[in-house]
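Take a look at the letters that make up each chain.
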Amino acid sequence: MNLVTTKPDLLSEAFERIQDEVDSAFDAFLPVPQDSRARLVEAMRYAAIGGGKRVRPLLVVATAELFGVNHNAAVNAGCAVEAIHAYSLIHDDLPCMDDDDLRHGKPTVHMAFDEATAVLAGDSLHALAFDILTQPDTSTDPFVRAELVATLARASGHDGMAGGQMMDMMSEEQDYDLRQVTRLQQLKTGALLAASVEMGAVLGRIPPEGRAHLRAYARDIGLAFQIADDLLDVEGDQDKAGKALRKDEGQGKRTFVTLMGVEQARAQAEMLVEQAGSHLASHGEDARLLVELARFIVKRDH
């Protein structure tokens, strides 16, 4: 398939818009109370506002646009996914997990505040995600709201992101092969990306049997995303990344790069992106943003 060629600024404009919309939404969701909870909410705002590329919310919105979904409703659902992502980063950075001091070019939440506040901020962002999904502004259809909650819950827990994180922790003690690393990353990284695409279709009231091509697209970009991350850990610029790099090698973890080599890993990521675009062929020009987003995933430098 020849991937659709789009104007060069399409993706940058989309990122700029979604970043502004997500920040504005979190600002509204998280007013600072005038009592002793203020420090907690300030920590939540620190983690959720003004950081990250917002790939997941953009996936929700771009998918929802295929089906004529109200834009503000899609942004709300994207914020729910981003709240889960933000909570996971807070907890991943804690000393008991990855013990990182830097995230998005600034001190991690437990460094900027304290460990206990960081734990509570993560817990509260987790809860906020599902609060957002149950609001009528996200959908007036209770069945849609319930399916959104179920989709994000499955992607977040032991059968999704958290399960993948546990596999990642255990990988330091076990020699994972390529199949096991692929499964780990399908859960740790891919599950939330897949949920973002799925939730866009849920908002569009597309039945499960009509989402197979979107699931295939999401599966491919999820693996491509992690391969790109592994390549960045080896070749990336730490200043651009805004976080510590070269950690996987130091910890002796098996990754796509250690198992496949740099060139084969890069070729695999590019193949997955090409394949991801082919799954959207039936949508034609309407899918151009999703196609460009897939390309960005492997071309990004941070």
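This one's a predicted model, so the numbers in the text were calculated from it and none came from an experiment.

Remarks on the packing of aromatic side chains
Here the distance between the centres and the angle between the planes together describe a pair of aromatic rings.
Here comes step 1: Overall, the coordinates contain two aromatic pairs when judged by the stated rule.
Here comes step 2: Ring plane angle 80° and centroid distance 5.5 Å describe the contact between Tyr46 and Phe113, whose orientation is recorded as edge-to-face. Within this pair, whereas Tyr46 is found in helix α2 (residues 38-48), its partner Phe113 is found in the loop between α5 (109-112) and α6 (115-133), the two being separated by 67 residues in sequence.
Here comes step 3: Relative accessible area serves as the criterion here: at 21%, Tyr46 is assigned to the partly exposed category.
Here comes step 4: Above the face of the Tyr46 ring, Lys106 is positioned so that its terminal group lies 4.0 Å from the ring centre.

Some thoughts on unusual backbone geometry
Here comes step 1: If you check the backbone angles, Arg54 has positive phi at about 70° while not being a glycine.
Here comes step 2: Examined against the element boundaries, Arg54 turns out to sit in the loop between α2 and α3 (55-65).
Here comes step 3: By relative accessible area, which is 3% here, Arg54 ends up buried.

Description of the nonpolar core
Here comes step 1: Judged by nonpolar contacts, the single largest core of 89 residues is most densely connected at Leu59, Leu125, Leu152 and Tyr217.
Here comes step 2: Sequence-distant contacts of Leu125, that is, excluding residues within four places in its chain, are made with Met44, Ala47, Ala48, Ala83, Ala86, Tyr87 and Ile90.

A look at the confidence of the model for the protein
Here comes step 1: Here the protein averages 90 in pLDDT, and 91% of its residues register 70 or above.
Here comes step 2: Residue range residues 1-7 is modelled with pLDDT below 50. Its contacts to residues more than four positions away, or to other chains, number 17 contacts.

Brief notes about helix α9 (residues 178-203)
Here comes step 1: Across its 26 residues, α9 extends 35 Å between first and last C-alpha, which sits within 8% of the 38 Å expected from 1.5 Å per residue.
Here comes step 2: Of all bends in α9, the biggest is about 55°, found at Gly190.
Here comes step 3: Counting buried positions over the 26 residues of α9 gives 19, a clear majority of the element.
Here comes step 4: With a side-chain oxygen lying 3.2 Å from the backbone nitrogen of Arg179, the N-terminal cap of α9 falls on Asp177.

Thoughts on the packing of helix α1 (residues 10-29) against helix α4 (residues 71-93)
Here comes step 1: Two numbers describe how α1 lies on α4: the axes approach to 10 Å, and their chain directions differ by 75°. In terms of orientation, α1 lies roughly perpendicular with respect to α4. Judged by residue contacts, Arg17, Ile18, Glu21, Val22, Ala25, Phe26 and Phe29 of α1 engage His71, Val75, Asn76, Cys79, Glu82 and Ala83 from α4.
Here comes step 2: Of the residues that constitute the contact of α1 with α4, the class distribution is eight nonpolar, two polar and three charged.

About the cut-offs
Residues numbered from 1 in each chain as written. Predicted model: local features only at pLDDT ≥ 70, side-chain atom pairs only at ≥ 80, totals over all residues. Heavy atoms only, no water. Phe/Tyr/Trp six-rings, centres within 6.5 Å; stacked < 30°, edge-to-face > 60°. Helix = DSSP H or I, 4+ residues; strand = E, 2+ residues; numbered from the N terminus. Buried < 20%, exposed > 50% of the residue type's maximum accessible area, 1.4 Å probe, protein only. Lys NZ or Arg CZ within 6 Å of the ring centre and 35° of its normal. Core = buried A, V, L, I, M, F, W, Y, C linked by side-chain atoms within 4.5 Å. Contact = heavy atoms within 4.5 Å. pLDDT = per-residue confidence, 0-100. Expected span 1.5 Å × (residues − 1). Bend = angle between axes of the 7 residues up to and from the residue. Polar contact = N/O pair within 3.5 Å; in protein donor to acceptor, adjacent residues only side chain to side chain. Axes fitted to C-alpha atoms, helices over the stretch in contact; angles between N-to-C directions. Parallel < 35°, antiparallel > 145°, perpendicular 65-115°, else oblique. Nonpolar A, V, L, I, M, F, W, Y, C, P; charged D, E, K, R; others polar.

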